[in-house]
Amino acid sequence: MGKNQTCIYAKKCGGCDYQGVKYEKQLAMKQKTVEMLLSDNCRVDNIIGAQNPYHYRNKVHGVFGRDKKGTVFTGIYQQGTHNIIPVENCLIENETASQILRTLSKLVQSFQLKVYDEDRRTGLFRHALIRVGHATGQILVVLVLSDPVFPSKNNFISALLQTHPEITSIVLNVNQKRTNMILGDKNIVLYGKGYIEDRLCGLTFRISPQSFYQVNSRQTEVLYQKALEFAGLTGTQRVIDAYCGIGTIGMAAAARAGEVIGVELNKAAVDDARVNAKLNGIKNIRFVNGDAGKFMVKIAGAHENADVVLMDPPRGGSTEEFMEAVRILAPQRVVYISCNPVTLARDLKVFSKKGYRAERIVPVDMFAFTEHVECVVLLTKKRR
Ligand code: SAH
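Residues numbered from 1 in each chain as written. Predicted model: local features only at pLDDT ≥ 70, side-chain atom pairs only at ≥ 80, totals over all residues. Heavy atoms only, no water.

S.K.: Can you tell me about the environment of Leu200, naming the residues and giving the values?
M.R.: Tracing the chain through its elements places Leu200 in strand E8 (residues 196–200). With relative accessibility at 2%, the residue Leu200 sits in the buried group. Considered as a pair, Leu200 and Gly133 are 67 residues apart in the sequence and their alpha carbons are 9.9 Å apart. Here Leu200 is in contact with Phe205, Tyr213, Ser217, Thr220, Glu221, Tyr224 and Thr248, once residues within four sequence places are set aside. (Helix = DSSP H or I, 4+ residues; strand = E, 2+ residues; numbered from the N terminus. Buried < 20%, exposed > 50% of the residue type's maximum accessible area, 1.4 Å probe, protein only. Contact = heavy atoms within 4.5 Å.)

The structure is reproduced here in structure tokens:
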């Protein structure tokens, strides 16, 4: 798993809770957290750790700042402030992406472009977001600017590509709002296709700037394999992939299912998902753009059936509405993927009242050096 490395930003950055803690110890701490929160449901399996806990993040974000001497840098916001802490070498971020961030700072400096000031609301360069395809090596650079017009744009892009010929696409994202959201709504493709593609579980996925994509690709494959094992598919089942993002889990399940329906709130992600199904020649999957809970209520009301429900909600967890609809739909299995054991614990209690028992709980470490921990849970319908 590589020699222990130390981070020089740990004290100020606050992004990693476990800097300076040996990886084995981190895993043990996460195991304990999950057991504390969830072991009254069933025994918790041993956490599946990463082979290499460093430089796993395929999505890297930098805020542009300028120091007292006027030097441009990228970094992260100090928690709860508009102060930007310069970060040059992050131990968990993809290293090529970190290099690109450093080049961007130099270029902004040499082209004498203005860095955005959050308090005064002046300046142009706000953020850079970089996505790297783990398997394909494709790289998307998103420049988040306060204005679509940017002086010496063509020369800037040429210089960037000259230093980093590995970049496959550059997008200008316009964010004029006073907001802590990184991306605005408008994307202008400056170079390449405007998205990256990556491969997961033998399938190819298109990922747009706005779409959710798991940040640790290697561990995502481990996670999905567990989820599919728990789904117990034999080729005939009707599967719902709720909170499906760009359709990754559902598409991995489709080859072993009769039919898959993905449901997702984010329009850009659903657009990607539909393209992805075509790209992979998967015909037994379709996608619904909307709230997962409302969709479940609708199909439950229409007396439709489902054999397996895969669900992967955001940190806030699922809703009473969603879980009540699951009770009515009465699938044999529910596979719950969670990135927050606190809301997972809350939701498992609700599921228990709805007649579903947790049979297996497996923590997977997707976020080394942070306290975040992912879990996959197999729930089955209790016999009456
Ligand atoms: N299963 C996917 C995405 C998981 S992240 C993957 O593994 O990549 C959670 C997803 O839920 C995000 O794409 C988010 O846009 C979506 N989401 C959030 N709230 C939702 C809701 N109420 N209904 C449907 N999808 C929602």
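S.K.: Give a description of the side chain of Ser217 that names residues and reports values.
M.R.: Within the secondary structure, Ser217 is located in helix H5 (residues 217–231). A distance of 2.9 Å separates polar atoms of two side chains, one belonging to Ser217 and the other to Asn58. Discounting chain neighbours no more than four positions away, the residues touching Ser217 are Asn58, His134, Asp198 and Leu200. (Polar contact = N/O pair within 3.5 Å; in protein donor to acceptor, adjacent residues only side chain to side chain.)

S.K.: Residue-level account of the environment of Gly194, with values.
M.R.: Within the element layout of this structure, Gly194 appears in the loop between strand E7 (186–191) and E8. Relative accessible area serves as the criterion here: at 11%, Gly194 is assigned to the buried category. Residues contacting Gly194, with those up to four places away along its chain left out, are Leu140, Ser169, Val171, Val189 and Pro209.

S.K.: Run through the packing of aromatic side chains, naming residues and quoting values.
M.R.: Counted by the stated rule, this structure contains nine aromatic pairs. Centroid distance Phe64 to Phe125: 5.4 Å. Interplanar angle 85°. Geometry classified as edge-to-face. One end of the pair, Phe64, is in strand E1 (residues 59–66); the other, Phe125, is in strand E4 (residues 125–132), and 61 residues separate them in sequence. In this structure, Phe64 and Phe125 share a single accessibility class: buried. On the numbers, 5.4 Å between centres and 85° between planes, the contact of Phe125 with Phe150 is edge-to-face. Within this pair, whereas Phe125 is found in strand E4, its partner Phe150 is found in the loop between strand E5 (139–145) and helix H4 (153–163), the two being separated by 25 residues in sequence. Judged by relative accessible area, which is 0%, Phe125 ranks as buried. On the accessibility criterion, Phe150 (6% relative accessible area) is buried. Grouped by ring-pair contacts, the aromatic residues Phe64, Phe111, Phe125, Phe150 and Phe156 constitute a single cluster. Positioned above the aromatic ring of Tyr116 is the side chain of Arg126, whose terminal nitrogen or guanidinium carbon lies 4.1 Å from the ring centre. The ring of Tyr195 carries Arg206 above its face, with NZ or CZ at 3.8 Å from the centroid. (Phe/Tyr/Trp six-rings, centres within 6.5 Å; stacked < 30°, edge-to-face > 60°. Lys NZ or Arg CZ within 6 Å of the ring centre and 35° of its normal.)

S.K.: So what's going on with the environment of Gly301? Which residues, and what values?
M.R.: Take Gly301: it is sitting in helix H8 (residues 292–301). Separated by 27 residues in the primary sequence, Gly301 and Ile328 have C-alpha atoms spaced 8.4 Å apart.

S.K.: Report on the site of the ligand, specifying residues and quantitative values.
M.R.: In the neighbourhood of the ligand, 16 residues make up the surrounding shell, with Tyr224, Glu264, Asp291, Ala292 and Asp312 lying closest. Thr248 places a polar side-chain atom, nitrogen or oxygen, 3.4 Å from an oxygen atom of the ligand. Within the side chain of Asp312, a nitrogen or oxygen atom sits 2.9 Å from a nitrogen atom of the ligand. Of the residues belonging to the shell around the ligand, the class tally is eight nonpolar, five polar and three charged. (Near = heavy atom within 4 Å. Nonpolar A, V, L, I, M, F, W, Y, C, P; charged D, E, K, R; others polar.)

S.K.: Account for the nonpolar core, with residues named and values stated.
M.R.: Across soluble globular proteins, nonpolar side chains have a tendency to be buried as a group. Ranked by internal contacts, the top residues of the largest apolar core, which has 99 residues, are Ile240, Met296, Phe322, Phe351 and Leu379. The element best represented in this core is H5, accounting for six residues. If sequence neighbours within four positions are ignored, Ile240 has contacts with Ile261, Val263, Phe295, Met296, Ile299, Ala306, Val308, Val309, Leu310 and Leu329. By size, the runner-up hydrophobic cluster in this structure holds 30 residues, among which are Val132, Val141, Phe156 and Leu172. (Core = buried A, V, L, I, M, F, W, Y, C linked by side-chain atoms within 4.5 Å.)

S.K.: Requested: an account of the pairing of strand E12 (residues 285–289), with residues and values cited.
M.R.: The sheet contact formed by strand E11 (residues 259–264) and E12 spans five bridges and is parallel. Looking at E12, one finds that Glu264 is bridged to Asn289. At this point the chain moves from E11, through helix H7 (residues 267–279), to the parallel E12, and the crossover so formed is right-handed. (Pairing = 2+ DSSP bridges. Right-handed = clockwise from strand over helix to strand, strands pointing away.)

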